[in-house]
Amino acid sequence: MPDRTPPSAGPIIAVRDLVVGFGEKIILDGLSLDVMPGEILGFVGGSGTGKSVLTRTILGLIEKRAGRISVFGQDLDTMPEAERRKLEKRWGVMFQHGALFSSLTVAQNIQVPMREYLDLSPAMMSDLAALKIQMVGLKSDAGEKYPSELSGGMIKRAALARALALDPEIVFLDEPTSGLDPIGAAEFDSLIRTLQQTLGLTVFMVTHDLDSLASACDRIAALADRKVVAVGTLAEMVASPHPWVKSYFRGERALARLKG
Amino acid sequence: MPQTIASPGFEIRRDGERAVIALAGEWTLDHGRRLERLAEQMPISLGEVRRAVLDIGEIQRLDTLGARVIDQLSHELGSEGVRVEVTHARREHATLLDAVRTRTAVVDRPPRSRLIDMLADIGRTVVLAWHDLVRGVSFIGEVVVAIGRALIRPQRFRWASLINQLEQIAFRGAPIIILITFLVGCIVAQQGIFQLRRFGATAFVVDLVGIITLRELALLLCAIMIAGRSGSAFTAEIGSMKMREEIDALRVMGLNPVDVLVVPRILALIIAMPILTFLGSMAGLFGAGLTAWLYGGIAPETFVSRLQSVITYKHFSVGLIKAPFMAIVIGAIACIEGLEVKGSAESLGQQVTASVVKAIFMVIVVDGLFAMFFASIRF
Ligand SMILES: Nc1ncnc2c1ncn2[C@@H]1O[C@H](COP(=O)(O)OP(=O)(O)O)[C@@H](O)[C@H]1O
Ligand SMILES: [Mg+2]
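Nothing here was measured: the structure is a model prediction, and the numbers come from that model.

Draft legend 1. Representation of the overall build of chain A within the structure. Looking only at helices and strands, chain A features 10 helices and 10 strands. Relative to its length of 260 residues, chain A is compact, with a C-alpha radius of gyration of 18 Å against a globular reference of 18 Å. Taken along the three principal axes of its C-alpha coordinates, chain A extends 55 × 45 × 40 Å. Across the 260 residues in chain A, those meeting the buried criterion constitute 54%. Just so you have it, chain A exposes about 11,100 Å², and 54% of that area is on carbon and sulfur atoms. Between the centroid of the 29 positive side chains of chain A and the centroid of its 31 negative side chains there is a distance of 3 Å.

And the structure:
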């Protein structure tokens with residue numbers, strides 16, 4: 001949204017020469033990536049190549065070995081603790097498996113960050129929670145339900161609603177459509193598009209889903225060989241010479257999708 | 001961000017029956033309650049008007065809270081018969097205003113009487129206690145059947161799991177149980193000597209400690225320790241498997257969770273309890289002997305020979321006979337509670353607590369029943 005981020009700003013997330021590993025195993029090696037304000041960036045890569053690891057490293061949940069990460073133009077390493085807390089208000093995360101708090105209802109889950117960060121009356125908080133529930137396309141009675149009573153698709157939507165609780169500027173989505181049926185996934189894609197337009201979000205979306213990439217994403221980045229091997233629009237990806245990107249975007253499924 | 005934060009505000013320009021309300025500043029979550037208060041003030045300072053124009057052109061930033069407050073405001077004014085119009089909305093603000101325009105009634109639950117709630121609670125507790133008992137008995141039946149199956153076809157029995165559990169329960173549990181029974185043996189002996197000394201009957205401390213340790217103390221301490229140590233672990237393990245649908249996965253593979261998870265655990269407990277009780281008895285007697293020697297001046301030879309004359313095989317066996325029954329009680333309660341876990345982390349916590357509390361309670365009840373039984377057969 002123009003009134004959120006200065007128009008001339010550079011990347012909202014900038015990752016440079018990132019190295020991440022566990023023990024002997026190096027997962028990401030010299031990875032660089034820019035996410036521009038207001039875009040939906042789709043992040044693809046084979047299973048177990050480190051897409052979630054990259055997301056978690058940007059979020060500060062995994063220690064990096066080398067490299068720099070800056071968000072909103074500020075380097076995360078040199079940022080004072082207080083700034084860091086402010087930053088956490090400005091991003092929302094939807095984890096791969098939802099990570100809803102199992103002992104709280106959906107509405108209470110959404111109110112957790114609100115209680116932590118905002119000064120609002122309880123009535124307004126439940127009103128906003130109900131609003132977020134509706135915005136992500138859940139029925140209003142879903143607010144009263146516990147995570148164990150939700151279907152897979154509902155869990156994803158509830159997790160998205162929680163990620164949006166504080167009207168963040170950046171949203172990280174880790175495989176938002178995996179495990180959804182094609183219709184549900186398509187609905188989810190258009191939901192993300194709509195929300196991105198209404199709320200002026202920047203979206204970093206890890207996905208396997210060619211449909212999502214084609215219909216929801218502005219740009220795509222592909223992870224292979226421990227780094228980002230190609231970035232660009234769908235057309236640019238199809239033209240990429242990298243073998244993995246080639247086989248992913250020129251496979252039969254992909255071609256069918258692109259023709260259709 | 002470098003920009004200065006402009007706090008939200010409004011200005012009213014009156015024009016006959018029409019009022020123009022110019023909103024300005026940042027209408028965002030950062031201003032929380034201030035926004036809510038602004039929205040409360042506005043209709044009051046507006047007074048009597050027919051038409052209100054909300055001019056939101058000067059709003060610098062707007063998010064869902066701001067949009068929602070504006071939406072509620074226009075709804076409220078509208079319901080008082082004022083014609084409301086929103087003007088000069090930027091495109092993105094207009095989209096946001098559209099998105100929040102829903103009337104989700106937050107339902108309030110009807111108030112209920114405290115007394116009725118309390119009575120209902122009591123009733124529920126009684127019914128649940130009865131269900132607990134019935135379920136406990138039927139579960140033990142199920143376990144016995146499963147153990148029978150294992151005996152008929154030992155090649156299908158999960159030996160690895162049994163050995164693993166035995167290591168956890170008996171091997172790793174032994175040090176702490178030995179330490180505790182040793183200390184309690186010391187304390188009982190010290191108290192016994194201290195009190196009996198006044199009657200000049202210090203030597204009877206051997207009878208006291210010997211009988212109480214072998215018949216009751218070692219077993220009870222052991223059972224309480226095992227309920228806290230292994231019972232809680234059983235409930236947490238089975239419960240977290242239940243939470244993640246692993247139990248359902250076993251069922252659909254045609255594996256009976258009782259065979260796979262419960263029987264090895266309970267059998268391990270049945271084997272481990274007598275061993276631990278025996279170790280505990282010895283440690284308790286050792287502690288008592290040490291205290292008697294150092295504190296009461298009873299020489300070890302005297303202690304041992306008196307012990308030999310007082311303690312019969314009967315006393316020794318009472319503790320060991322009770323041990324497997326305690327094992328079944330603790331194991332069954334722990335596994336039942338584990339299988340009762342619902343989807344949430346909170347319910348796991350509740351069930352683990354319930355498992356330990358119920359197990360310790362039932363151990364003491366069963367011990368009381370045994371005391372009556374042995375007394376009536378003069379054993
Ligand atoms: N906490 C961890 N400890 C050790 N290895 C991990 C850890 N988290 C992830 N990995 C490894 O990192 C690799 C990338 O994992 P991940 O990012 O989850 O894959 P994906 O791209 O499918 O999201 C995998 O090989 C995984 O085994
Ligand atoms: Mg992943």
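Draft legend 2. Representation of the pairing of strand 2 (residues 18-27) of chain B in the model. All names here are of chain B. The buried fraction of strand 2 amounts to 8 of the 10 residues, a majority that puts the element mostly inside the structure. As paired strands, strand 1 (residues 9-15) and strand 2 are joined by 7 bridges and run antiparallel to one another. Residue Gly 9 lies in a different strand from strand 2, and its bridge partner there is Ala 24. What sits between the antiparallel neighbours strand 1 and strand 2 is a turn of 2 residues, in which Gly 16 has the positive phi angle 65°. Once the chain exits strand 2 it traverses helix 1 (residues 32-46) before rejoining the sheet at strand 3 (residues 51-62), and the crossover so formed is right-handed.

Draft legend 3. Structural context of the coordination of the magnesium ion (ligand 2). Residue and element names in this part refer to chain A. Donor atoms from the polypeptide that bind the magnesium ion (ligand 2) are Ser 52 (OG) and Gln 96 (OE1), placed at 2.0 to 2.5 Å. Residue Ser 52 is found in helix 1 (residues 51-58), and its partner Gln 96 is found in the loop between strand 6 (91-94) and helix 3 (106-117); the two are separated by 44 residues along the sequence. Its relative accessible area of 22% is what places Ser 52 among the partly exposed residues.

Draft legend 4. Examining the interface of chain B and chain A more closely. On the side of chain A, 28 residues touch chain B, which itself brings 30 residues to the contact. Here chain B meets chain A over a buried area of about 2,600 Å², counting both sides, of which 58% is carbon and sulfur. At the junction of chain B and chain A, the tally comes to 3 salt bridges. Between Arg33(B) and Asp119(A) there is a salt bridge, with the nearest N and O atoms lying 2.7 Å from each other. Between chain B and chain A we count 9 residue pairs in polar contact (both at pLDDT 80 or more) in total. Secondary structure elements with two or more residues in the side of chain B that touches chain A: helix 1, strand 3, helix 2 (64-79), helix 3 (91-100) and helix 12 (345-376) of chain B. The biggest single contributor to the side of chain B that touches chain A is helix 3 of chain B, with 6 residues. By residue class, the composition of the side of chain B that touches chain A is 10 nonpolar, 10 polar and 10 charged.

Draft legend 5. Focus on the domain arrangement of chain A. Residues and elements named next belong to chain A. Under the domain assignment, chain A is made up of domain 1 (8-90 + 168-259) and domain 2 (100-166). The distance between the C-alpha centroids of domain 1 and domain 2 comes to 25 Å. Each partner contributes to the roughly 1,300 Å² buried at the junction of domain 1 and domain 2, and carbon and sulfur atoms together form 68% of this total. The tally of links between domain 1 and domain 2 comes to 1 salt bridge. The closest approach of N and O atoms between Arg 157 and Glu 187, which form a salt bridge, is 3.1 Å.

Draft legend 6. Here's a closer look at the domain arrangement of chain B. We note that the domain assignment places domain 1 (9-101) and domain 2 (122-376) within chain B. Centre-to-centre separation of domain 1 of chain B and domain 2 of chain B, based on C-alpha positions: 69 Å.

Draft legend 7. Spatial organisation of the sheet that holds strand 2 (residues 25-35) of chain A. Residue and element names in this part refer to chain A. With respect to topology, 4 strands assemble into an open sheet ordered 2-1-4-5, the strand pairing being antiparallel. Only two strands of the sheet have a single neighbouring strand rather than two, namely strand 2 and strand 5 (74-75). Across 5 bridges, the pairing between strand 1 (residues 13-22) and strand 4 (residues 66-71) is antiparallel. Bridging across to strand 4, Ala 14 finds its partner in Ser 70. Contacts from helix 1 reach strand 1, strand 2 and strand 4 within the one sheet, and its direction differs from that of strand 1 by about 115°.

Draft legend 8. Layout of helix 1 of chain A. Most of helix 1 of chain A sits out of view: 6 of its 8 residues are buried. When we look at burial in helix 1 of chain A, the residues that qualify are Lys51(A), Val53(A), Leu54(A), Thr55(A), Thr57(A) and Ile58(A).

Draft legend 9. Examining the nonpolar core more closely. Ranked by internal contacts, the top residues of the largest apolar core, which has 78 residues, are Leu160(A), Leu195(A), Phe249(A), Leu23(B), Trp27(B) and Ile70(B). Element by element, the count of residues in this core is highest for helix 4 (residues 122-135) of chain A, at 7 residues. With residues near it in sequence (within four places) discarded, Ile70(B) still touches Leu23(B), Trp27(B), Leu54(B), Ile56(B), Ile59(B), Leu62(B) and Leu97(B). Grouped together as the second largest cluster of nonpolar side chains are 49 residues, Phe234(B), Val263(B), Ile266(B) and Ala323(B) included.

What counts and what doesn't
- Residues numbered from 1 in each chain as written.
- Chains lettered and ligands numbered in written order.
- Predicted model: local features only at pLDDT ≥ 70, side-chain atom pairs only at ≥ 80, totals over all residues.
- Heavy atoms only, no water.
- Helix = DSSP H or I, 4+ residues; strand = E, 2+ residues; numbered from the N terminus.
- Rg over C-alpha atoms; globule rule 2.2 N^0.38 Å.
- Buried < 20%, exposed > 50% of the residue type's maximum accessible area, 1.4 Å probe, protein only.
- Areas by Shrake-Rupley, 256 points an atom, 1.4 Å probe, with all protein chains shown as cover.
- Lys, Arg positive; Asp, Glu negative; His and termini not counted.
- Charge placed at Lys NZ, Arg CZ, Asp CG, Glu CD.
- Pairing = 2+ DSSP bridges.
- Right-handed = clockwise from strand over helix to strand, strands pointing away.
- Donors = N, O, S within 2.8 Å, 3.2 Å for Na, K, Ca; no water.
- Contact = heavy atoms within 4.5 Å.
- Buried area = accessible area lost by both parts, 1.4 Å probe.
- Salt bridge = Lys/Arg side-chain N within 4 Å of Asp/Glu carboxyl O.
- Polar contact = N/O pair within 3.5 Å; in protein donor to acceptor, adjacent residues only side chain to side chain.
- Nonpolar A, V, L, I, M, F, W, Y, C, P; charged D, E, K, R; others polar.
- Domains from an automatic or database assignment.
- Axes fitted to C-alpha atoms, helices over the stretch in contact; angles between N-to-C directions.
- Core = buried A, V, L, I, M, F, W, Y, C linked by side-chain atoms within 4.5 Å.

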